[in-house]
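Next come the chains, spelled out residue by residue.
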Amino acid sequence: MKLNHMVKQLSLKYKFVTPLTTVVVKLPEKRHHGLLEENEDALLALALHQSEKRKQSVPKGIKRKTDGSSTEGGGGGDPHFMLRIKGIEYPICFDVDAVEGDVIKILKDPLSGMTINAGIIGSRRRNRFGKYKTFIGEIFVMTPYVQIHIKPNQVIINGSQTISWNNIAYASELVRIHINKTVHNEEKLFLHFGNNISVVIRRLINNTDSQGVDYLNFNIDKETGISYIADGILGQFVHKTISLLRISVDKHGRKHGHFSEFNNLHRSHFKAILHQKPDIISGEKLWCWNVHKKTKGLLNDNLQEYFVPDLTSV
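Parameters and conventions
Residues numbered from 1 in each chain as written. Predicted model: local features only at pLDDT ≥ 70, side-chain atom pairs only at ≥ 80, totals over all residues. Heavy atoms only, no water. Pairing = 2+ DSSP bridges. Helix = DSSP H or I, 4+ residues; strand = E, 2+ residues; numbered from the N terminus. Axes fitted to C-alpha atoms, helices over the stretch in contact; angles between N-to-C directions. Polar contact = N/O pair within 3.5 Å; in protein donor to acceptor, adjacent residues only side chain to side chain. Contact = heavy atoms within 4.5 Å. Buried < 20%, exposed > 50% of the residue type's maximum accessible area, 1.4 Å probe, protein only. Phe/Tyr/Trp six-rings, centres within 6.5 Å; stacked < 30°, edge-to-face > 60°. Disulfide = S-S within 2.5 Å.

## Examining the sheet that holds strand β15 (residues 241-249)
Then, number 1: Pairing is mixed across the open sheet formed by twelve strands, whose spatial order is β10-β11-β12-β13-β14-β1-β2-β3-β18-β17-β16-β15. Two strands lie at the open edges of the sheet, namely β10 (169-171) and β15, each paired on one side alone. Taken over all neighbouring pairs, the strand axes of this sheet differ in orientation by 25° on average, direction set aside.
Then, number 2: Looking at chain direction, strand β12 (residues 187-193) and strand β13 (residues 197-204) are connected through seven bridges and run antiparallel. Each bridged residue has a counterpart across the sheet, and for His-192 the counterpart in β13 is Ser-198.

Printed below as a string of structure tokens:
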């Protein structure tokens, strides 16, 4: 018995197997990987770790400084995007060149499982460059528990349940949909998700700007449920820090904003001109920092990286 005991102790110490010892191999628990792309699984784990770390590092009663991150953002028009950044007085705006049939990835968040894509439609009206104006004709929202396809004439839930804009009332445990009419009899669709994300969509019917094409404008007006690994033409701004460094005035009296953007240890710069644009949801003219065609320094990737094959792409 003493000899057997000695053999076991030596095998454990020097990590070899004998007829008196056994090796137990423990496999990791199986789990569903979902539709994560390459490296997203690691990012997902990192996001969870960082989220817990942030919670632990903030003492009670002390607010974490969030100046410079996005508070809400939306798109519409030709298409035109508008971001409201905490700590900066005027929104930041930029345009995207799109043609009929294009689909733009608005948001993709692996942590919440939410994806929002926007489909582009054409019109018969030309812009100042002679090109036909385009608009957002449909929006597709995908979550782990519901899919919502919004068009100007109807809303389709989970591919089968069709609801009219005139009589929208839908509620489940994790999502609520309802319509509000403004004093101008405009209709706005509100989507409230149970993960601290909400979206408002404005329907424009027979608008003179589009010459008879019905289209949609939208705004993600609550972003607190979007994680810091989110992507998309708007989703990326949730975890960026944007600062207005200085303002200069050109010989025509126009104000130019010089901005700094910080994201994942990478710093970039971009410029914008203070210009009046219509608000995405209210339609009222307001001042915004308009970034012209050169969006380098503002967006993570080339604009074409935000175009996806179809509405259901994840």
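## Concerning the side chain of Asn-263
Then, number 1: On the secondary structure map, Asn-263 appears in strand β16 (residues 255-263).
Then, number 2: Within polar-contact distance, the side chain of Asn-263 engages the side chain of His-239 at 3.2 Å.
Then, number 3: A polar contact of 3.4 Å, which involves the side chain of Asn-263, links it to the side chain of Asn-300.
Then, number 4: Every residue in contact with Asn-263, bar those within four places of it in the chain, is listed here: His-239, Lys-240 and Asn-300.

## Remarks on the pairing of strand β14 (residues 215-222)
Then, number 1: Taken across its eight residues, β14 has six buried, putting it largely inside the fold.
Then, number 2: Inspection of the sheet shows strand β1 (residues 70-76) paired to β14 by three bridges, in the antiparallel sense. Within β14, the position partnered with Gly-73 by the bridge is Ile-220.
Then, number 3: Relative to β14, β13 is paired through seven bridges, and the arrangement is antiparallel. If you follow Val-199 over to β14, its bridge partner there is Ile-220.

## Side note on the sheet that holds strand β4 (residues 103-109)
Then, number 1: In space, the six strands of this open sheet follow the order β4-β5-β6-β7-β8-β9, with antiparallel pairing throughout. For this open sheet the edge positions go to β4 and β9 (161-164), each flanked by a neighbour on one side alone. Going from strand to strand, the sheet's axes swing by 20° on average, the running direction of each strand aside.
Then, number 2: Bridge count for strand β7 (residues 147-150) against strand β8 (residues 154-157) is three bridges, and the pairing is antiparallel. Considered in β8, the bridge of Ile-150 is made with Val-155.

## So, the packing of aromatic side chains
Then, number 1: Here the structure, examined in full by the defined rule, presents five aromatic pairs.
Then, number 2: Measuring from centroid to centroid gives 5.4 Å for Phe-81 and Phe-94, while their planes differ by 20°, and the two rings are stacked. Of this pair, Phe-81 sits in strand β2 (residues 80-85) while Phe-94 sits in strand β3 (residues 92-95), and the two are 13 residues apart along the sequence.
Then, number 3: Residue Phe-94 is classed as buried on the basis of its relative accessible area of 0%.
Then, number 4: Relative to Tyr-215, the ring of Phe-135 lies with its centre 4.3 Å away and its plane at 35°, an arrangement referred to as tilted. Placement of the pair is Phe-135 in strand β6 (residues 132-142) and Tyr-215 in strand β14, with a sequence separation of 80 residues. Tyr-215 carries the same exposure label as Phe-135, and that label is buried.

## Here we look at the state of the cysteines
Then, number 1: Per the stated rule, a full pass over the model turns up one disulfide.
Then, number 2: Paired by a disulfide, Cys-93 and Cys-288 hold their sulfur atoms 2.5 Å apart. The chirality of the disulfide connecting Cys-93 with Cys-288 is left-handed, given an S-S dihedral of about -140°. Here the residue Cys-93 occupies a position in strand β3, and Cys-288 occupies one in strand β18 (residues 285-291), the gap between them amounting to 195 residues.

## With respect to the environment of Ser-227
Then, number 1: Turning to its location among the elements, Ser-227 is positioned in the loop between β14 and β15.
Then, number 2: For the pair Ser-227 and Lys-108, spaced 119 residues apart in the sequence, the C-alpha separation amounts to 9.8 Å.
Then, number 3: If near-sequence neighbours (up to four positions away) are discounted, Ser-227 is found in contact with Asp-109, Leu-111, Val-238 and His-239.
Then, number 4: A distance of 2.5 Å separates the side chain of Ser-227 from the side chain of Asp-109, its partner in a polar contact.

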